[in-house]
There are 2 protein chains.
Amino acid sequence: MSDISAVKALVFDVFGTVVDWRTSLINDFTKWGEANGKKADWTALVDGWRAVYAASMDVVRKNPQDDYVILDVLHRRSLEKLVAELGITGLNDADLRHLTMGWHRLHPWPDSVAGLTRLKTKYVISPLSNGNVALLTNMAKFAGLPWDLILSAELFEHYKPDAETYLGAARLLGLPPEQVMMVAAHNHDLRAAQKLGLKTAFVARPTEYGPLQKYDFEARGDWDIVAKDFGGIAHRMGC
Amino acid sequence: MSDISAVKALVFDVFGTVVDWRTSLINDFTKWGEANGKKADWTALVDGWRAVYAASMDVVRKNPQDDYVILDVLHRRSLEKLVAELGITGLNDADLRHLTMGWHRLHPWPDSVAGLTRLKTKYVISPLSNGNVALLTNMAKFAGLPWDLILSAELFEHYKPDAETYLGAARLLGLPPEQVMMVAAHNHDLRAAQKLGLKTAFVARPTEYGPLQKYDFEARGDWDIVAKDFGGIAHRMGC
């Protein structure tokens, strides 16, 4: 365990770490479907959508010569394919937009807001997410996330785990990497951050993928902090 | 006066509009000088520093082939020249850094925080400043400015009034320009924003430059809102 006393800012993975995207989307779409007479297996849609998430970003990550495409657009493209594959009918353009914007309306895990609020008293706190700036900004308003600023893959035109995101965050914060701590429920995110000199904090979110969860039940690396929730991170950081 | 009912976000000029840089810096440096035995005409230094502000950014604006330089660095360069010109002696590197970081420790005008807090209940609020991201983030912590996110010239590698800043802000917010309102105490800033389709709000800060104030005592354009303070803007925006 290394020295974390120099840390000045904590940056957070968002989908799965701060917010429960799966339960949020399934509930949102189920309610919306009932109110608007739209029928589908929303759980299958949400799980299928997230299953193609990494691959959709890899298209951008592996073709840096092409223009960067924000996550809202990747989400929309994936949704259109998935709706066809699942044979969901009766969705017009406004409906597809409403579903895509569902990623802006995600609820936090029960400990997120209280933990962030404690950490904010002593540190700069920000997302460092693959979500685009507007998505993260709208989500913060919706969920009451008290960020000091919004750091997004969009600002660097690179998706995590590209180095440009972690180092770009430190650069914009005016801090050396070792004064920035990456917080995530995903070991691979922390691995990339640690390799570049950032400090790391892991929190398990074992229900993130529901019955489909395969990884990240526990810490799989030498992280600076391993906590059971954001309250535990705040405690370790002296807040 | 045009329709402002579609506005979703307000972006704010910061130096002079949100914070009183002149009084803040003079007081900060005077106190620091007394405590540390450093003698200088701090008022002359602060006024001289701000007097070369526009010119220092113009060097970047007019040489876009060169690498972008953040405001902290421009401030430091201007300070070194000015210290020599004013014949201030006895300042080491740490002292020059302390003075430069003074721009991160600025106090708000008396109405700023209350007005922003009201506006935040209905709108996305952000700086749109030539200050770099770390400067604006640190200032927000210091002054209690409740921004939803930090938009800075640094993100666009262009200083205001370059079009890239106003249009870049709208793009990152995921909004067309007419759904974004620029708030400033400077008519030229609003003129640039309005030309690009943003809505505009003017608030006079007639003591910004102290006895040296020459412009911006009043609105000099067809701005959507002209208010006496941020409370007046909040009122006009239905908050």
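Look above for the structure.
Residues numbered from 1 in each chain as written. Chains lettered and ligands numbered in written order. Predicted model: local features only at pLDDT ≥ 70, side-chain atom pairs only at ≥ 80, totals over all residues. Heavy atoms only, no water.

Moving on, we get to the relation of the copies chain A and chain B. Of the transformation placing chain A onto chain B, the axial shift is 0.0 Å and the rotation is 180°, giving an RMSD of 0.0 Å. Here the copies are linked by what is in effect a two-fold axis. Across chain A, the rotation axis passes nearest the C-alpha of A:Leu149, at a separation of 2.1 Å. The fraction of interface residues of chain A whose copies in chain B are also interface residues reaches 100%, indicating that both copies meet through the same surface. (Least-squares fit on C-alpha atoms with pLDDT ≥ 70 in both. Contact = heavy atoms within 4.5 Å.)

Moving on, we come to the pattern of salt bridges. Between side chains of opposite charge, a pair can form when the charged atoms approach closely. Residue and element names in this part refer to chain A. Counted according to the given criterion, the structure contains 30 salt bridges over all chains. Between Asp-111 and Arg-205 there is a salt bridge, and its shortest N-O distance comes to 2.9 Å. Highlighted residues: Asp-111 in the loop between helix H5 (93-100) and helix H6 (112-120) and Arg-205 in the loop between strand E5 (199-203) and strand E6 (225-227), separated in sequence by 94 residues. In this structure Asp-111 comes out as buried when scored by relative accessible area, which is 17%. Looking at Arg-205, the relative accessible area reads 6%, which means it is buried. A salt bridge links Lys-228 to Asp-229, with the nearest nitrogen and oxygen atoms 3.2 Å apart. Look at Lys-228 and you get exposed, because its relative accessible area is 70%. Note on Asp-229: relative accessible area 17%, which makes it buried. (Salt bridge = Lys/Arg side-chain N within 4 Å of Asp/Glu carboxyl O. Helix = DSSP H or I, 4+ residues; strand = E, 2+ residues; numbered from the N terminus. Buried < 20%, exposed > 50% of the residue type's maximum accessible area, 1.4 Å probe, protein only.)

All names here are of chain A. With an omega dihedral of 5°, the bond running from Lys-160 to Pro-161 counts as a cis peptide bond. Checked against the element boundaries, Pro-161 lands in the loop between helix H8 (153-156) and helix H9 (163-173). If you check the backbone angles, Glu-157 has positive phi at about 50° while not being a glycine. Along the polypeptide, Glu-157 turns up in the loop between H8 and H9.

Listed by partner, the interface residues are 17 residues for chain A and 17 residues for chain B. Both faces combined, the contact of chain A with chain B buries some 1,400 Å², and carbon together with sulfur accounts for 61% of it. Applying the counting rule to chain A against chain B returns 2 salt bridges. The partner of B:Asp148 in a salt bridge is A:Lys141, with the nearest N and O atoms 2.8 Å apart. In this structure, the connection of chain A to chain B is made through 8 residue pairs in polar contact (both at pLDDT 80 or more). Only helix H7 (133-143), H8 and H9 of chain A provide two or more residues apiece to the side of chain A that touches chain B. A total of 4 residues in the side of chain A that touches chain B trace back to one element, the largest contributor, which is H7(A). Among the residues forming the side of chain A that touches chain B, the class breakdown is 10 nonpolar, 2 polar and 5 charged. (Buried area = accessible area lost by both parts, 1.4 Å probe. Polar contact = N/O pair within 3.5 Å; in protein donor to acceptor, adjacent residues only side chain to side chain. Nonpolar A, V, L, I, M, F, W, Y, C, P; charged D, E, K, R; others polar.)

Residues and elements named next belong to chain A. Summarising burial for E5: 5 of the 5 residues are buried, a large majority. Burial of E5 is two-sided: the residues Lys-199, Ala-201 and Val-203 facing one way and the residues Thr-200 and Phe-202 facing the other way are all buried. Relative to E5, strand E4 (residues 180-184) is paired through 4 bridges, and the arrangement is parallel. Bridged to Ala-184 within E5 is Phe-202. After leaving E4, the chain enters helix H10 (residues 187-195) and then returns to the sheet as E5, a path that is right-handed. As paired strands, E5 and E6 are joined by 3 bridges and run parallel to one another. Residue pairing for E6: Val-203 is matched across the bridge by Ala-227. (Pairing = 2+ DSSP bridges. Right-handed = clockwise from strand over helix to strand, strands pointing away.)

Per the stated rule, a full pass over the model turns up 22 aromatic pairs over all chains. Where A:Phe15 meets A:Trp103, the ring centres are 5.6 Å apart and the plane angle is 90°; that geometry is what we call edge-to-face. Residue A:Phe15 is located in the loop between strand E1 (9-12) and helix H1 (21-36), and its partner A:Trp103 is located in the loop between H5 and H6; the two are separated by 88 residues in the primary sequence. Comparing A:Phe15 with A:Trp103, the two get one shared label, buried. An angle of 50° between the planes, with centres 5.3 Å apart, marks the rings of B:Phe12 and B:Phe230 as tilted. (Phe/Tyr/Trp six-rings, centres within 6.5 Å; stacked < 30°, edge-to-face > 60°.)

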